[in-house]
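Chain by chain, the residues:
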Amino acid sequence: MTAELVRGQNHPLPQARLEIRVSAGKPVVAGATLGDEQGTVRGTEWVAHPGSPNLPGLEVSKQAAADHRLAVDLEALPETVHRVNVLLALPLGVGGPARFGAVAAPFVSVTGLDGSEVVNYTVTGLDTESAVVALELYRRQGKWKVRAVGQGYAGGLAEMLGDQGLAQARELAAAIQDAVSSGMARSVAPPPPRGPGDDRVRRTTSHATNGGRETPPDATPPPAAAPAPVPPVPTAAGGPQSGAPQTTQGPQSTQGGPIDYAHPRRRNTAPPPPPPAAPPTPPGQYPQPVAGDASGWSMEERLYNQVWGMFEDLARTVAAYRSAVDFAESRMDQELDKALSDPRSRIGTAGDTARATARAKHDKLVGQARDVLERDLAQLAAETDVVEPALPPAFASWDNPVWHGYRVPMEIPMALRVGDLHLPERPDLRIPMLVRLPLERGLWIDSGRSGSETALLMESDQLRRAAMETAAAHAARLLAVYPAGEFTVHVIDPAGTGAPALAPLTEAGVLDAPPAAGAQGVAAVLAKLTQRVELVQMAVRGGVTDSLPPDLDTAEQLLIVNDFPHGFDDRAVTQLRYLADEGPAVGVHLMMVADREDASAYGPVLDPLWRALLRVTPVPDDHLIDPWVGHTWTYEPLLPPPGSQVVRQVLAQVATARRSLPR
Amino acid sequence: MVDVSKGSAPGGPGVNLTKGQAISLEKKGGGTLTAVRMGLGWQAAPRRGLFGSRTREVDLDASAVLFADKQPVDVVFFRHLVSDDGSVKHTGDNLVGGAGQGGDDEAILVDLQRVPVHIDQIVFTVNSFTGQTFQEVQNAFCRIVDETNGEEMARYTLDGGGQYTAQIMAKVHRAGAGWQMTAIGTPANGRTFQDLMPSILPHL
């Protein structure tokens, strides 16, 4: 029976191999320190944490999570170890709570490998502490016991590690937090909640979008016709047509007619057009996929939700497959071990038979899992085939014909495609990676070679050039999907090395000013943007947004920074950090094209900057993590097909539209 | 002992289950069962006296434990609402109960076609998180429903069920190419499913 421990209470541990489970409700860091007879942690190699998750006999999670399972094998610990402290800490600098008093009391339990619980303990009574020693496993006369400790530290990990006698406590605490936050920066932001009771925040925009040209006019052909997508050239004519059912409810129709009592901005009374219906399914088969087969108030929103649905389905399908294969392998290992250790099997053929049976069982299960995986992947591939051609420009890849019929939009789309994601099980099945607009965080295009295998194979110059080209493609896409004049791009290129990659932007004339060069140029651009952020912030806080100076550019701002920290003095670095922290809330975003190594001289002061940005790469790289099961996904940047003029053609239209704006 | 009584769902009469009785989840029409729902409902504690907020609320929790060869592989409960593979989903924690008129206050949906191939048994449990025994809870029931047609296949009445805080309710397990359900209905004690592991293992 489970013992529920109270603080200070101890309990014997019946076995050496244990699991320690943690449930905290909010993401926490879980780790463990080893102590000698005096309880002293002798060095950093005696601490298991997300940056160094494996020690002999001890394994902890690599990232912060609401639930953890720590594996402990007490017999595998070094002889000199007499204590194991299980610690929890809140991840800092990532916008989460900074004190345990603000989260639910963490629950820890010690279980056997079969899941049978030995003890559990709810760590209550915490307040300003940001780190806590939850449990202590300790040797007493050759036997291991567990004690509920619950000792919190307001000074966080550094204070806790110092208390355990670790000399490098401060440095290690910083390293742990850094490992955690870099893990978090790698995670893809979770999608908006889905499912019943859809309360869509985008209602107003998506409604307005219906009449505009963003929504491909019922662009979902019946699935049979889907492989030949209708290029949405006639959108200007088709848009209003298909939007007509909604606009009749709009306020325009009331002019000169009877009074419309409908609230002018509350438009959800008009039901959205029904989603395209899938044709009836023959029994025993899977339904044919249809583009837009998800919930939403507009085709755009339905496609957005469908893409996220495909992303989740692929993640979960592969999770099912991997867990089945893992299980099959561990079962086979156990059975082979058993066959080996059974003395009867050493003579005769019994051992061979047992081994053959174990292998056959493994192969059968893996084969079944593979079949299910193939079935699901085929279904998702078929769905991709109909969804991709139906995507509006902001969601579409550059080779989608929709870009040839590009028109400058009237409304901001709900999301932007920033790349493709895939898993090693099926590299050609690519899921569009969509992020919400307006951007919630800036982008960091990593030009460093340390990140990925592909990058290591490239020359440093080549990689930097590719990074800048990727940045230019992202900026061009942002300019194209925003209405004319509602998105402004600034460039800091201190040494002018980005000029070739930036040519499509500069030659089309979509930049307000040429790329800023030299230290003075850097200072001028940063001063202007900093001032803008301060002004808008003041106005918002004071509730006087209408008294902003009339010449203030109200567009969203993107600042591309090349060659950082070249040309930056301390003041400029401070301003950049300020923009990273405060900018996104008032529509100022960063796009850093940088190798983190170049800025290593600044030390940890820049860590929050990198952390605040979504890291993407100019070459395929597996560094992104999905929000459901935590697979590592390979990201591929979106680039126009080689030799294609599509970006230049699109930017030419953007430039024309910008010039015709009243100034 | 937990009372196993006949259900009265709108879709048709439920199966009268006795403890340990196995029923096949294959449909009468020949098709196999593809989705089941475990529903749990109970009546919120009545308001008492002047200080209604001091009512001792009743929080029952439904959990599903996924087993492969008798090893627990995944659990769906109020802190992990979707199994990693997506086949088992919890509709979310209800902390206070409902009207007690037959609607499910918590439900776990299982898409049997999507359950990974190595998972061969799924055990459903109910726990009283706030510690009231089933004797103190009013109008509490749990049931298994065929999601495709809403037909109730099994129902247990929990209230008046004795000095227990938990029940190992039923399991669905693979049989041939399809799935079968076995009613278990064993009372137990514990706050969350972890406490029930020793009581579950004999039923695998």
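Counting from 1, residues in each chain are numbered in the order their sequence is written. In the order they appear in the text, chains get letters beginning with A and ligands get numbers beginning with 1. Only residues with pLDDT of at least 70 get local features here, since the model is predicted, and only at 80 or more are side-chain atom pairs given and counted; chain-wide, interface and lining totals rely on the full set of residues. Computation of side-chain values covers all heavy atoms of the structure but excludes hydrogens and water.

## Here's the deal with the overall build of chain B
Okay, step 1: In this text, helices come from DSSP runs of H or I with a minimum length of four residues, and strands from runs of E with a minimum of two, each type numbered from the N-terminal end. When you go through chain B residue by residue, the secondary structure sums to one helix and 14 strands.
Okay, step 2: Relative accessibility thresholds used throughout: buried, under 20% of the residue-type maximum; exposed, over 50%; partly exposed, between the two (1.4 Å probe, protein chains only). Taken over 204 residues, chain B has a buried fraction of 55%.
Okay, step 3: Of the contacts formed within chain B by residues at least 6 apart in sequence, a portion of 67% connects residues at least 24 apart.
Okay, step 4: As displayed, chain B offers around 8,300 Å² of accessible surface, 48% of which is attributable to carbon and sulfur atoms. Contacts: residue pairs with any heavy atoms within 4.5 Å of one another. To measure how exposed things are, a 1.4 Å probe is used in the Shrake-Rupley method; for residues, cover is taken only from the protein chains shown.

## Description of the overall build of chain A
Okay, step 1: Helix and strand counts for chain A come out as 13 helices and 21 strands.
Okay, step 2: Within chain A, the fraction of its 663 residues that count as buried is 51%.
Okay, step 3: Of the contacts made within chain A by residues no fewer than 6 positions apart, 70% connect residues no fewer than 24 positions apart.
Okay, step 4: Working note: accessible area of chain A is about 30,300 Å², and carbon and sulfur atoms make up 54% of it.

## Quick notes on the interface of chain A and chain B
Okay, step 1: Contacts between the two partners involve 25 residues from chain A, matched on the other side by 19 residues from chain B.
Okay, step 2: Taking both sides of the interface into account, the surface hidden between chain A and chain B amounts to around 2,000 Å²; carbon and sulfur atoms contribute 52%.
Okay, step 3: When two parts are put together, the accessible area they lose, computed with a 1.4 Å probe and summed over both, is reported as buried area. Ranking the residues of chain A by area buried against chain B places Asp114, Arg316 and Phe327 of chain A at the top, with a combined share of 23%.
Okay, step 4: Each reported salt bridge corresponds to a side-chain nitrogen of Lys or Arg within 4 Å of a carboxyl oxygen of Asp or Glu. Scanning the region where chain A abuts chain B turns up two salt bridges.
Okay, step 5: Arginine 114 of chain B serves as the salt-bridge partner of aspartate 376 of chain A, at 2.9 Å between the closest nitrogen and oxygen.
Okay, step 6: Any N or O atom pair separated by 3.5 Å or less is treated as a polar contact, with the protein-specific requirement of one donor-capable and one acceptor-capable atom, and with residues adjacent in sequence counted only for side-chain atom pairs. Where chain A meets chain B, there are five residue pairs in polar contact (both at pLDDT 80 or more).
Okay, step 7: Looking at the side of chain A that touches chain B, the elements that each hand over two or more residues are strand S10 (117–122), helix H5 (299–341) and helix H6 (350–390) of chain A.
Okay, step 8: Take the side of chain A that touches chain B: its biggest share by element is nine residues, from H5 of chain A.
Okay, step 9: Residues are grouped as follows: Ala, Val, Leu, Ile, Met, Phe, Trp, Tyr, Cys and Pro are nonpolar; Asp, Glu, Lys and Arg are charged; every other residue, Gly included, is polar. Of the residues that constitute the side of chain A that touches chain B, the class distribution is 10 nonpolar, eight polar and seven charged.

## Some details on the sheet that holds strand S20 (residues 621–625) of chain A
Residues and elements named next belong to chain A.
Okay, step 1: Pairs of strands are assigned from DSSP output, requiring at least two bridges between the strands. What the four strands build is an open sheet, ordered S14-S13-S21-S20; its pairing is antiparallel. On the outer flanks of this sheet lie strand S14 (431–436) and S20, each paired with one strand and no other. Ignoring strand direction, the axes of neighbouring strands in this sheet form an average angle of 50°.
Okay, step 2: Bridge count between strand S13 (residues 415–422) and S14: six bridges; the pairing is antiparallel. Bridge assignment links glycine 419 to a residue of S14, and that residue is methionine 433.
Okay, step 3: Axes, fitted as lines to C-alpha atoms, cover a helix only where it is in contact. Angles between the N-to-C directions of the axes lie from 0 to 180 degrees. H5 contacts S13, S14 and strand S21 (632–637) of the sheet and is inclined by roughly 125° relative to S14.
Okay, step 4: With respect to the sheet, helix H8 (residues 460–481) is in contact with S13 and S21, its orientation differing from that of S13 by roughly 140°.

## Some remarks on the sheet that holds strand S15 (residues 443–446) of chain A
Residues and elements named next belong to chain A.
Okay, step 1: The parallel open sheet is built from five strands, whose spatial order is S16-S17-S18-S15-S19. A strand with exactly one partner marks an edge of an open sheet, and here the two such strands are strand S16 (487–492) and strand S19 (614–616). Within this sheet the neighbouring strands show an average axis-to-axis angle of 20°, counted without direction.
Okay, step 2: With four bridges joining them, S15 and strand S18 (residues 588–594) adopt parallel strand pairing. Across the sheet, the residue bridging to isoleucine 445 is valine 593, located in S18.

## A closer look at the pattern of salt bridges
Side chains that differ in sign of charge can pair as their charged atoms come close.
Okay, step 1: Counted by the stated rule, this structure contains 32 salt bridges over all chains.
Okay, step 2: Among the ionic pairs, aspartate 621 of chain A bridges to arginine 615 of chain A, the shortest N-O distance being 3.3 Å. This pair shows no difference in class: aspartate 621 of chain A is buried, exactly as arginine 615 of chain A is.
Okay, step 3: A single salt-bridge network, built from bridges that share partners, covers Arg37, Asp104, Arg143, Glu147, Glu152 and Arg155 of chain B.

## A look at the confidence of the model for chain B
Okay, step 1: Each residue gets a pLDDT score, which is the predictor's confidence in that residue and runs from 0 to 100. Averaged over all residues, the pLDDT of chain B is 79; the fraction at 70 or higher stands at 77%.
Okay, step 2: Scored below 50 in pLDDT, residues 1–16 of chain B shows 37 contacts in the model against residues more than four places distant or in partner chains.

## Let's talk about the environment of tyrosine 164 of chain B
Residue and element names in this part refer to chain B.
Okay, step 1: Within the element layout of this structure, tyrosine 164 appears in the loop between strand S12 (151–157) and strand S13 (166–175).
Okay, step 2: Residue class for tyrosine 164 comes out partly exposed when judged on its relative accessible area of 28%.
Okay, step 3: If near-sequence neighbours (up to four positions away) are discounted, tyrosine 164 is found in contact with Gln132, Thr133, Phe134, Pro187, Ala188 and Asn189.

## Concerning the packing of aromatic side chains
What describes a pair of aromatic rings is the distance from one ring centre to the other and the angle between the planes of the rings.
Okay, step 1: Side-chain rings of Phe, Tyr and Trp (the six-membered ring for Trp) are treated as a pair once their centres are within 6.5 Å; stacked means planes under 30 degrees apart, edge-to-face means over 60, and tilted covers the remaining angles. According to the stated counting rule, one finds 15 aromatic pairs over all chains in the structure shown.
Okay, step 2: Placement of a charge over a ring requires the Lys NZ or Arg CZ to be within 6 Å of the ring centre, with the centre-to-atom vector within 35 degrees of the ring normal. Between arginine 615 of chain A and the ring centre of tryptophan 444 of chain A, over which it is positioned, the NZ or CZ distance is 5.9 Å.
Okay, step 3: Arginine 155 of chain B extends its terminal NZ or CZ atom over the ring of phenylalanine 141 of chain B, reaching a point 4.4 Å from the ring centre.

## What to know about the nonpolar core
All names here are of chain A.
Okay, step 1: Judged by nonpolar contacts, the single largest core of 91 residues is most densely connected at Leu314, Phe395, Trp403, Leu505 and Ile560.
Okay, step 2: In terms of residue count, H5 provides more of this core than any other element does, 15 residues in total.
Okay, step 3: If sequence neighbours within four positions are ignored, leucine 505 has contacts with Ala472, Ala475, Ala476, Leu479, Val510, Leu511 and Leu651.
Okay, step 4: Listed in part, the 62 residues of the second largest apolar core include Val41, Val60, Leu87 and Leu126. Take the buried residues of types Ala, Val, Leu, Ile, Met, Phe, Trp, Tyr and Cys, join any two whose side-chain atoms come within 4.5 Å, and each joined set is a nonpolar core.

## Thoughts on the packing of helix H9 (residues 499–508) of chain A against helix H13 (residues 646–659) of chain A
Residues and elements named next belong to chain A.
Okay, step 1: Relative orientation of the contacting elements H9 and H13 amounts to 35°, with a least axis distance of 8 Å. At the point where H9 passes H13, the crossing takes the right-handed sense. Across the interface between the two elements, Ala503, Pro504, Leu505, Glu507 and Ala508 from H9 touch Arg648, Leu651, Ala655 and Arg659 from H13.
Okay, step 2: A per-class count over the contact of H9 with H13 returns six nonpolar, no polar and three charged. The handedness criterion is simple: a crossing whose near helix is rotated anticlockwise from the far helix by less than a right angle is left-handed, and one whose near helix is rotated clockwise is right-handed.

## As for unusual backbone geometry
Okay, step 1: At the junction of leucine 437 of chain A and proline 438 of chain A, the peptide bond is cis and its omega measures out at -5° in the coordinates.
Okay, step 2: In this structure, proline 565 of chain A follows phenylalanine 564 of chain A across a cis peptide bond, with omega equal to 5°.
Okay, step 3: Relative to the helices and strands, proline 565 of chain A is located in the loop between strand S17 (556–562) and helix H11 (570–582).
Okay, step 4: Even without glycine at this site, aspartate 69 of chain B takes up a positive phi of about 50°.

## Remarks on the environment of leucine 60 of chain B
Okay, step 1: On the secondary structure map, leucine 60 of chain B appears in strand S6 (residues 60–68).
Okay, step 2: Apart from residues lying up to four places away in sequence, leucine 60 of chain B is in contact with Leu40, Trp42, Asn94, Glu106, Asn127, Ser128, Phe134, Val137 and Ala140 of chain B.

## Quick word on H13 of chain A
All names here are of chain A.
Okay, step 1: Between its terminal C-alpha atoms H13 stretches 20 Å, which fits the 20 Å expected from 14 residues at 1.5 Å a residue.
Okay, step 2: Turning to H13, its buried residues number three or more, namely Val646, Val647, Val650, Leu651, Val654, Ala655, Ala657 and Arg658. Projected onto a plane normal to the axis of H13, the buried residues spread over an arc of 165° and lie on a single side.
Okay, step 3: The inward-facing, buried residues of H13 abut H8, S16 and H9. Given a helix with a known number of residues, its expected span is that number minus one, times 1.5 Å. It is the directions from the helix axis to the C-beta atoms that the arc portrays.

## Description of the side chain of threonine 111 of chain A
Okay, step 1: Mapping threonine 111 of chain A onto the fold places it in strand S9 (residues 107–111).
Okay, step 2: With near-sequence residues (within four places) excluded, threonine 111 of chain A lies in contact with Leu18, Glu19, Arg21, Ser116, Glu117 and Val118 of chain A.

## Comments concerning the packing of helix H10 (residues 518–542) of chain A against H11 of chain A
Residue and element names in this part refer to chain A.
Okay, step 1: Relative to each other, H10 and H11 sit at 35°, their axes nearing to 10 Å. At the point where H10 passes H11, the crossing takes the left-handed sense. Contacts between H10 and H11 pair Val522, Leu526, Ala527, Leu529, Thr530, Val533, Glu534 and Gln537 from the former with Ala572, Gln575, Leu576, Tyr578, Leu579 and Glu582 from the latter.
Okay, step 2: Class assignment for the residues of the contact of H10 with H11 results in nine nonpolar, three polar and two charged.

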